[in-house]
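In case you want the letters, here they are:
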Amino acid sequence: MKTGSLRILFAAVLLAVTALAAVGFFADRVERALQGERAAALAADLVAEQGEPIPQAWIARAQSLGLATSRQVTFPSVLFLQGQPRLVQVKAVDASYPLRGRLRVGRPDGSESGEPPRPGEAVVEARIARWLGEQTEVPLGRLKLRLAGRLLEEPDVGASLFRLAPRLLINRADVDASGLLGPASRAHFRLLVAGEARQIASFRQWLGSRLNADGRLLGVEDGRPELNTAIERARRFLGLAALCASLLAGVAILLAARDYLARSLDEAAILRTLGMTSRQLLWRYLRRLIGIGLAAGLLGCVAGLVLQQALVHWLGGEMGQALPPPGWAPLPVALGHAAVLLLGFALPSLWQIRRVPPLRVLRRDLDPPGVSQLALGGAALVAYLLLIFWQVNDSKLAFGMTLGVAGVLVVFGVAGWGCLWLLGRRRRAGRLGAGLLGLVRQPGLVLMQLAGFGMGLSLLLLLALVRGDLLDAWQRSLPPDTPNHFLINIQPDEAGELARLLDERQIPSSGLYPTTRGRLLAISGMRVDPADYSDMRARRLASREYSLGFGDRLQGDNRIVAGHWWQPGEAGFSVEEGVAKALGIIIGDELLFEVAGQRLQGPVTSLREVAWDSFNVNFFIQGSQALLDRSEVPYTLLGSIYLGPGQDEVLAILAERFPAVSAIAIGPLLQKVRDIIGRGTRAVEAVFLFTLGAALLVSLAALQLTRAQREREVALMRTLGASRRQVLSALLVEFGGIGVLAGLLSALLAQGLGIWLGQRLFGIVLGPDLWLWLVGLLAGPLLLGGIAWLAGRPLLAMPPLRILR
Amino acid sequence: MLHILRGVDMAVNSGEAVAILGASGSGKSTLLGLLAGLDEPSGGACHLLGQCLNDLDEDGRARLRLARVGFVFQSFQLLAGMSALENVYLPLQLAGRADARGQAIALLEEVGLGHRLHHQPQQLSGGEQQRVAIARAFAGPPQVLFADEPTGNLDQHTGEQIESLLFDLRDRHATALVLVTHEQHLADRCDRILRLDQGRVVA
């Protein structure tokens with residue numbers, strides 16, 4: 001009999017660890033793949049860029065830290081080909097380029113190479129190759145370079161933004177000889193470094209205070225916020241799903257541990273009579289618990305490893321090839337979860353066994369003095385909080401979940417008690433059948449089953465809602481005409497003409513925003529020094545250069561979370577809440593920026609929440625129009641537009657009429673975000689199955705807890721002449737009753753929580769969902785009734801005397 | 001295979017009281033279970049109220065017992081969580097009797113527990129619990145009553161009270177009684193005594 005509860009205990013730990021390990025392995029692989037992808041997009045782990053040559057001291061410092069280095073310089077130039085001047089973007093690299101990612105060059109003989117051009121060689125983009133025709137020499141300044149091949153793939157193509165001019169790749173050693181770079185040239189000098197994360201961080205910090213005013217640092221962490229938001233959301237959904245399964249498994253563990261204790265008491269009492277000390281007794285049973293935890297935990301890790309691979313395959317073959325092999329990092333986390341689950345949910349029950357009275361061998365009704373419900377609940381709560389913060393690593397989400405679970409328990413407790421009270425009144429009048437009588441005679445147990453199963457069902461319904469409605473609503477939040485190009489470098493005197501062009505061609509646009517780059521010097525008179533911040537993100541933010549935006553219109557996808565949006569004519573800054581939190585900026589602080597050698601100062605009047613994945617033009621720090629007007633700082637304008645199919649010619653017109661304007665295509669990025677949402681949805685669906693399994697385990701554990709008593713009752717009813725139908729219908733009425741109540745309350749809760757979560761966490765407004773109610777009302781009685789039917793049937797076949805004895 | 005009963009051939013007439021007497025492990029409770037259709041014999045045949053139990057499945061045997069066969073167990077076997085009244089009206093409700101509640105109250109008053117209708121089993125003494133069990137056993141009223149060591153868990157004084165109550169009700173309802181006991185004085189109150197020793201009838 002005891003093995004039944006141990007099996008459930010084992011299954012619950014196994015299920016929880018499998019779910020957590022699978023999600024852990026999967027998320028870890030995706031995370032590392034993205035890190036790699038971001039590094040490849042930079043051709044390095046960190047890039048320092050400025051308008052002057054890179055000092056030798058920087059290289060020496062990087063090399064002393066054991067980092068690989070590569071230098072490059074980019075500048076625009078003109079090639080005279082077939083009698084025509086052709087604007088090209090020259091990139092001069094050294095032999096170690098690229099440090100990350102892949103360079104692909106198609107050689108004239110048809111072969112492919114990953115080698116950068118050697119001195120005297122040039123690698124050109126397809127457009128230049130067309131201009132060259134049969135020509136095998138590329139005239140660049142005073143040099144004639146030999147055509148070494150066509151550029152098929154350039155890893156850091158995005159680092160210099162989208163170029164309207166085609167790329168010409170040469171060796172750095174040829175730059176001086178070309179005579180093209182003078183003191184006033186518009187060149188960007190870059191130092192690329194790659195190596196261990198700690199050394200990179202150390203170099204980044206060292207470099208932070210040494211960059212010129214126009215210099216900037218680009219690291220893998222500074223990836224596009226649009227992409228980061230999408231990944232973060234996908235990870236949250238996955239974490240939420242795995243956590244639901246893990247919490248339900250915790251409830252199953254709690255019930256199974258209580259059953260195990262109840263069934264071990266007789267044996268423990270005999271052992272006490274034979275002279276076993278309370279410590280020996282506890283150790284005897286604890287050992288089994290540890291054994292089960294270890295075995296189930298290890299097996300769960302293996303199962304998680306296998307399942308995440310299945311998940312990767314299910315999500316698509318390409319994804320599997322792009323992911324690095326699974327790492328070991330999630331293993332201790334998953335095993336740690338197993339330990340916390342067992343300690344929090346099973347140990348307090350087992351703790352009681354130390355105090356089993358030896359007299360129980362004579363009087364079976366003597367139970368050990370109970371651990372207070374407070375201690376039991378407290379331990380489970382501590383375990384729960386540990387797990388939730390550990391798993392989601394997001395206080396907002398953890399708080400939401402905690403509120404949800406507490407709400408579920410309170411609602412089920414109060415509503416269940418109310419229903420039982422009503423039934424109790426009918427009972428006094430003798431108007432209850434055997435089934436309903438079964439509900440009222442042990443209210444505590446019924447409430448526990450109601451809460452356990454109801455919580456499972458609520459989480460399932462909530463997850464179904466999150467999976468369906470919330471994700472749908474979220475995907476809808478990226479409409480088909482989401483901007484797919486950014487226009488940058490628009491000079492103030494070109495703005496009017498460009499806006500007219502977009503209007504004429506009916507191209508959806510976000511409007512044009514003045515922007516400039518500035519370094520944050522001081523917050524309310526206190527100098528900003530990266531070394532003053534312990535948090536890595538804050539250090540990065542304190543050392544980076546900001547794109548400051550200006551304008552008096554609050555973007556539709558921005559929301560003021562503190563302070564007020566300025567009135568026209570008022571000078572002020574509005575700061576994105578994440579940046580404000582990291583740097584400790586509050587409403588009323590005076591921000592001082594240095595912009596192209598000039599100072600720009602103003603008070604912070606509001607903090608904003610920004611929907612980065614809207615793909616509109618958004619700024620971490622935005623200033624009012626008045627602030628810009630009162631200053632003398634130079635600026636350009638930028639905006640985002642949507643170019644539909646067949647509108648690509650607009651890019652050519654832009655290039656012709658506004659040569660200085662650059663258009664950055666963000667279509668691939670948009671596709672990537674959509675892809676992540678799509679894959680994330682499917683991954684959540686897969687993890688959803690674990691939650692379903694865990695909810696059924698809770699029901700099984702609840703049945704196991706009352707199994708012995710039910711066997712006796714069924715036997716007694718049969719002895720008194722009850723038919724199979726009568727016994728089964730009594731069981732079905734009892735469990736179906738719990739199921740109906742659980743289903744109704746779960747639908748109510750899931751609906752309420754879904755609406756709340758949608759608004760608070762995802763900024764999406766959800767309406768009532770009829771399906772949710774229907775599923776809740778059907779799933780509750782069907783699942784519980786089904787389990788009761790399955791559990792009751794074997795009892796009916798057994799002669800009553802065998803059970804009564 | 002272990003043989004618990006061998007060559008037992010017995011019949012109980014309508015309204016007759018038969019005691020099955022024997023030491024622990026002699027097979028008397030097993031015999032009672034087989035006679036009442038609570039267990040299945042590996043060989044031989046049992047008839048109850050004119051029906052061969054071997055021909056009936058578990059449901060058929062349950063229908064036969066419904067309101068026609070009563071039971072009193074040594075360990076009372078009341079349903080935990082149900083009041084005294086609910087324990088008594090359960091078999092009446094199962095049989096679909098119209099005024100189950102009224103009949104149950106009358107029966108409990110008959111066994112002297114009219115003031116304890118809404119008490120739970122754990123709130124009652126052993127003697128009171130057995131009275132509830134007797135009230136439940138006579139709820140049919142039954143044609144046959146099977147009693148397995150009905151005073152085995154009670155002190156001598158309470159045991160005697162229960163014994164008197166059982167026999168009074170049995171006389172009043174003219175119920176046949178099959179009583180399993182190892183106490184000679186209890187057996188002596190029956191019309192006939194059947195002695196069992198290691199699964200065989202010895203007298």
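Residues numbered from 1 in each chain as written. Chains lettered and ligands numbered in written order. Predicted model: local features only at pLDDT ≥ 70, side-chain atom pairs only at ≥ 80, totals over all residues. Heavy atoms only, no water.

Let's shift gears to the overall build of chain B. Each helix and strand in chain B was counted, giving seven helices and eight strands. When each of the 203 residues of chain B is scored for burial, the buried share is 55%. Entry remark: accessible area of chain B is about 8,700 Å², with carbon and sulfur atoms responsible for 45%. (Helix = DSSP H or I, 4+ residues; strand = E, 2+ residues; numbered from the N terminus. Buried < 20%, exposed > 50% of the residue type's maximum accessible area, 1.4 Å probe, protein only. Areas by Shrake-Rupley, 256 points an atom, 1.4 Å probe, with all protein chains shown as cover.)

Check the secondary structure of chain A and you find 24 helices and 22 strands. A separation of at least 24 residues holds for 82% of the contacts in chain A among residues at least 6 apart in sequence. Entry remark: accessible area of chain A is about 34,900 Å², with carbon and sulfur atoms responsible for 59%. (Contact = heavy atoms within 4.5 Å.)

Residues and elements named next belong to chain B. One pass over the structure, following the stated rule, counts 19 salt bridges over all chains. Its salt-bridge partner being Glu 16, residue Arg 192 comes within 2.7 Å of it at the nearest N-O pair. Linking Arg 192 in strand 7 (residues 192-197) with Glu 16 in the segment before strand 1 (17-22), this pair joins segments that are 176 residues apart in sequence. Overall, the relative accessible area of 27% leaves Arg 192 in the partly exposed class. Notably, a salt bridge pairs Glu 40 with Arg 61, separated by 3.7 Å at the nearest N-O pair. You can see Glu 40 sitting in the loop between helix 1 (28-35) and strand 2 (47-48) and its partner Arg 61 sitting in helix 2 (residues 58-65), a full 21 residues away along the chain. For Glu 40, a relative accessible area of 43% corresponds to the partly exposed category. On the accessibility criterion, Arg 61 (5% relative accessible area) is buried. (Salt bridge = Lys/Arg side-chain N within 4 Å of Asp/Glu carboxyl O.)

Looking now at the interface of chain A and chain B. Facing the 30 residues of chain A at the interface are 32 residues of chain B. Both sides of the chain A and chain B interface together cover about 2,800 Å² of buried area, and 54% of this is carbon and sulfur. The interface formed by chain A and chain B contains one salt bridge. Across the pair Asp59(B) and Arg718(A) runs a salt bridge, and its minimum N-O distance is 2.7 Å. (Buried area = accessible area lost by both parts, 1.4 Å probe.)

A few words now on the confidence of the model for chain A. Residues and elements named next belong to chain A. Chain-level statistics for chain A give a pLDDT mean of 80 and a share of 84% at 70 or above. In the model of chain A, helix 8 (residues 317-322) stands out as the element of lowest mean pLDDT, 54, in contrast to helix 2 (residues 56-64), which has the highest, 93. For residues 159-163, every residue scores under 50 in pLDDT, and the model assigns this stretch 14 contacts once sequence neighbours within four places are set aside. (pLDDT = per-residue confidence, 0-100.)

Residue and element names in this part refer to chain B. Spatially, the six strands line up as an open sheet ordered 4-5-6-1-7-8, and their pairing is mixed. Two strands lie at the open edges of the sheet, namely strand 4 (69-72) and strand 8 (200-201), each paired on one side alone. Here two bridges tie strand 7 to strand 8, and the two strands are oriented antiparallel to one another. From the neighbouring strand, Leu 196 faces strand 8, where its bridge partner is Val 201. Set on the sheet, helix 6 (residues 156-173) makes contact with strand 1, strand 4, strand 5 (144-148) and strand 6 (176-181); between it and strand 6 the angle comes to about 160°. (Pairing = 2+ DSSP bridges. Axes fitted to C-alpha atoms, helices over the stretch in contact; angles between N-to-C directions.)

Residues and elements named next belong to chain A. Within helix 2, burial applies to Trp 58, Ile 59 and Ala 62. Looking straight down helix 2, one finds its buried side chains confined to an arc of 95°; they lie on one side. Set apart from the buried face of helix 2 by more than 90 degrees, the exposed residues are Gln 56 and Ser 64. (Arc of directions from axis to C-beta.)

Moving on, we come to unusual backbone geometry. Both trends apply: most residues other than glycine have a negative phi, and most peptide bonds are in trans. Residues Tyr97(A) and Pro98(A) are joined by a peptide bond in cis, for which omega reads -10°. By the secondary structure assignment, Pro98(A) is in the loop between strand 3 (84-93) and strand 4 (104-106). Note the cis peptide between Gly140(B) and Pro141(B), where omega equals -5°. Looking at the secondary structure, you find Pro141(B) in the loop between helix 5 (126-137) and strand 5.

Residues and elements named next belong to chain A. The topology assignment puts Ser 5 in helix 1 (residues 2-42). On the basis of relative accessible area, Ser 5 is assigned to the buried category, the value being 0%. When the C-alpha atoms of Ser 5 and Leu 700 are compared, they prove to be 9.5 Å apart, with 695 residues separating the residues in sequence. Residues contacting Ser 5, with those up to four places away along its chain left out, are Ala 256, Asp 259, Tyr 260, Arg 263 and Gln 704. Side-chain polar atoms of Ser 5 contact the side chain of Asp 259, separated by 3.4 Å. (Polar contact = N/O pair within 3.5 Å; in protein donor to acceptor, adjacent residues only side chain to side chain.)

In this fold, Gln77(B) is placed in the loop between strand 4 and helix 3 (84-94). For Gln77(B), a relative accessible area of 4% translates into the label buried. At a separation of 2.3 Å, a polar atom in the side chain of Gln77(B) contacts the side chain of Arg712(A).

What follows concerns the packing of aromatic side chains. Per the counting criterion, the structure on display carries seven aromatic pairs over all chains. With 5.3 Å between their ring centres and 55° between their planes, Phe573(A) and Phe593(A) make a pair best called tilted. Highlighted residues: Phe573(A) in strand 17 (residues 573-576) and Phe593(A) in strand 18 (residues 590-595), separated in sequence by 20 residues. For Phe593(A), a relative accessible area of 0% puts it in the buried group. The rings of Phe71(B), Phe73(B) and Phe146(B) are connected pair by pair, giving a single aromatic cluster. Arg284(A) extends its terminal NZ or CZ atom over the ring of Tyr285(A), reaching a point 5.8 Å from the ring centre. (Phe/Tyr/Trp six-rings, centres within 6.5 Å; stacked < 30°, edge-to-face > 60°. Lys NZ or Arg CZ within 6 Å of the ring centre and 35° of its normal.)

In this section: the nonpolar core. Residue and element names in this part refer to chain A. Of all hydrophobic cores here, the largest spans 115 residues; its most connected members are Leu 9, Ile 253, Tyr 285 and Phe 412. By residue number, the principal contributor to this core is helix 6 (residues 225-273), which donates 22 residues. Leave out the neighbours within four places in its chain, and Phe 412 touches Trp 417, Leu 447, Leu 450, Ala 451, Gly 454, Met 455, Ser 458, Ala 742, Leu 745, Ser 746 and Leu 749. (Core = buried A, V, L, I, M, F, W, Y, C linked by side-chain atoms within 4.5 Å.)

Here we take up a nonpolar patch on the surface. All names here are of chain A. On the surface, Trp 771, Leu 774, Val 775, Leu 778 and Leu 782 cluster together into a nonpolar patch covering about 560 Å² of accessible area. Note that Leu 782 resides in helix 23 (residues 770-797). Classification of Leu 782 as exposed rests on a relative accessible area of 61%. (Patch = residues over 30% accessible without salt bridge, like charges linked within 9 Å, V, L, I, M, F, W, Y side chains within 5 Å.)

The subject of this paragraph is the pairing of strand 7 of chain B. Residue and element names in this part refer to chain B. In this structure, strand 1 lies alongside strand 7, joined through five bridges in parallel fashion. Counterpart to Val 18 in the pairing with strand 7 is Arg 192. Between strand 7 and strand 8, which pair antiparallel and follow one another directly, the connecting turn spans two residues, one of which, Gln 198, has a positive phi of 45°.

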